[in-house]
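Residue-level structural notes
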Amino acid sequence: MPGTQPSILCGDCSVTAVIPKNATPEDELFCPTCKRVDTVGHAAAEARIHATHVAERAFENRMLARGRALSRRVPSKAPARSLRWISDYAGP
């Protein structure tokens, strides 16, 4: 849906994090399953890293499907599950 933002998920549980309404980057969010706690700013930064990996992988797959080799880049690896927070972004 245009204009919607991906949710922040726990990297271990893949459960949507609980974020306070009108949160600032200094506010805390948490995973309701494993009780992991972090700041909204840090979790959003890690979720952006995850979303970037997903988008890069989708682009690379589209180029390869069209027969265009990625000449100067090494294909990106899937993001490591070591990220504490991920996004639910599924790509374009």
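Below or above, wherever it landed, is the structure these notes cover. Keep in mind the model is a prediction, meaning the values are calculated, not measured.

Here we take up the nonpolar core. In globular proteins that are soluble, nonpolar side chains generally tend to be buried together. Counting nine residues, the largest nonpolar core is built from Ile 8, Cys 10, Ala 17, Leu 29, Cys 31, Val 40, Ala 43, Ala 47 and Trp 85. Counting only elements with at least two residues in this core, the list comes to strand 1 (8–10) and helix 1 (40–65). Looking at which element gives the most residues to this core, the answer is helix 1, with three residues.

On the surface, Val 18, Phe 30 and Val 37 cluster together into a nonpolar patch covering about 210 Å² of accessible area. Summarising the element assignment, Val 18 is placed in the loop between strand 1 and strand 2 (28–30). What makes Val 18 partly exposed here is its relative accessible area of 35%.

Conventions adopted
Residues numbered from 1 in each chain as written. Predicted model: local features only at pLDDT ≥ 70, side-chain atom pairs only at ≥ 80, totals over all residues. Heavy atoms only, no water. Core = buried A, V, L, I, M, F, W, Y, C linked by side-chain atoms within 4.5 Å. Buried < 20%, exposed > 50% of the residue type's maximum accessible area, 1.4 Å probe, protein only. Helix = DSSP H or I, 4+ residues; strand = E, 2+ residues; numbered from the N terminus. Patch = residues over 30% accessible without salt bridge, like charges linked within 9 Å, V, L, I, M, F, W, Y side chains within 5 Å. Areas by Shrake-Rupley, 256 points an atom, 1.4 Å probe, with all protein chains shown as cover. Salt bridge = Lys/Arg side-chain N within 4 Å of Asp/Glu carboxyl O.

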